[in-house]
Amino acid sequence: MKKIAIILLSFNFVFLQEFDEKLFICGEKKNRKENCEENKQFLVNYWVKNDFNSVIELAYNLILCECTNVDDEEDIYLRYGQAYYNIGKVDSSTWAFKKGLKKIPDSVKLLDWAAQSSGKEIKLGKLNKLDEHLYFLETLYELDTENTSPLERMSDAYKRSEMFEEQIVVIDQWLKIDPTNKKAISNKKSAFEKLGKDASEVDEERWNREPENLEYGILYLKSLMNSENYDLASEVAEEVLIYNDSNKRLLKLVSDIYIKNLNDKDAVKYLEKLKDQGDIDSEYLIKLSNVYLNLDKYSKAYSISNSAINLNKNVGKAYFQRANVLERMVDFYGSDELDFCDRLIYDLASSDYNLAYKNGVLNAKVYKNNLKELITSVGDWFLVGEKFPSMSPDNLQCEKIKGCDCYSFVKNREVSRK
């Protein structure tokens, strides 16, 4: 009988201990106020010392003992959750912030930290926390609909979860508030691409909102070029040029669009406008020369290739371009049976291919070798007469041989007698 009584007393003691935990920790109610103030000061001191385990213990005690009030309640819950976060217990951290939000549901700081903590849980593999994470961010956004930070974080969360349709919806809302945000625009294009959609739609929307914005116009044109929609790109280019008709970057891009679209006539117009700016680079001079070549305007093509060479940049490519112009001239002006002056032009082309090769254009050697049978020979020089130790295609003798002055613009370039 005594044994049973002892067991019953033991159970009763445990029950009383659990029941009186608040009394055990907090003390008598009449003394609590003083204890509360003392523990609040201890909490701050331990926080400053980065003693986060003690912070957790004291914050728990303060909450259990109902020591919090309107002035310090938010701060205590923040330190409670942040202490867990700082020691790597992010699940307990989120739990602590949620406890605080039950008391202060519109606390921006608690919501922000709850979103950060739950986001960390997701990164650590707890994918089931996504809905909770999004709830905190959505609530944050509802409290301040002009603040785009929650929308940016929601976009990132959807991106990590590969929920691209949902991400686009959030980004659209983001762009309504901040239409020029580069990250939002980039993320939307990326989401479109992940879904297999045309990313140029994003650039089109943005440009349509601000057609006078040069950057938007350029990005839209580049998207159209990437998708090889050159016809539409040409139409859009003319509209963008209305607001920016002398911008060098735009003129380069528009000329490239017309070149890609095989519209050499319009390409010339914008390349010439670019040249008139005064600092066109060799790459675009070579493009201008080539466009004139396609239009059978050999004098201009040759003159501009000379200008490219004189810039002394990309010299190999510039020499290669001039050689190509010379070859094509013979295709256009050459006699059915190659005459001496046609062969002179091939001599000059061969020389230019050689210079191109020496300046890094390795395939120029193949082009030079292809001209071996077409350049002047000893016999050709014998037939033209000994009075010519050398000759340039602009020589009057060539005009007589050709019956025209078609090579007269190839000046001051002589081929020596062989």
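Computed from a predicted model, the values in this text were never measured in an experiment.

Examining the pattern of salt bridges
Enumeration over the complete set of coordinates arrives at 28 salt bridges. The partner of Lys183 in a salt bridge is Asp156, with the nearest N and O atoms 3.3 Å apart. Of this pair, Lys183 sits in helix 11 (residues 182-194) while Asp156 sits in helix 9 (residues 149-160); the two residues are 27 residues apart in sequence, bridging distant segments of the chain. For Lys188, the salt bridge identified is with Asp172, shortest N-O distance 2.5 Å. Pair noted here: Lys188 is in helix 11 and Asp172 is in helix 10 (residues 164-177), with a separation of 16 residues, a long-range link. Taking the relative accessible area as the measure of exposure, Lys188 reaches 2% and is therefore buried.

Notes on the state of the cysteines
Evaluated as defined, the whole model comprises two disulfides. Through a disulfide, Cys36 is tied to Cys67; the S-S separation comes to 1.8 Å. Here the disulfide of Cys36 and Cys67 is left-handed, its torsion about the S-S bond being about -65 degrees. Residue Cys36 is found in helix 3 (residues 32-48), and its partner Cys67 is found in the loop between helix 4 (52-64) and helix 5 (73-86); the two are separated by 31 residues along the sequence. In this structure, Cys36 and Cys67 share a single accessibility class: buried. Two residues share a disulfide in this structure: Cys341 and Cys398, whose sulfurs sit 2.0 Å from each other. Looking along the S-S bond of the Cys341-Cys398 disulfide, the torsion reads about -110 degrees, which is the left-handed sense.

Description of the confidence of the model for the chain
Summary statistics for the chain give a mean pLDDT of 89 and a share of 93% for residues scoring 70 or more. Per-residue pLDDT stays below 50 along residues 1-19; that stretch engages in zero contacts with residues further than four places along the chain or on separate chains.

Thresholds, definitions, all that
- Residues numbered from 1 in each chain as written.
- Predicted model: local features only at pLDDT ≥ 70, side-chain atom pairs only at ≥ 80, totals over all residues.
- Heavy atoms only, no water.
- Salt bridge = Lys/Arg side-chain N within 4 Å of Asp/Glu carboxyl O.
- Helix = DSSP H or I, 4+ residues; strand = E, 2+ residues; numbered from the N terminus.
- Buried < 20%, exposed > 50% of the residue type's maximum accessible area, 1.4 Å probe, protein only.
- Disulfide = S-S within 2.5 Å.
- pLDDT = per-residue confidence, 0-100.
- Contact = heavy atoms within 4.5 Å.

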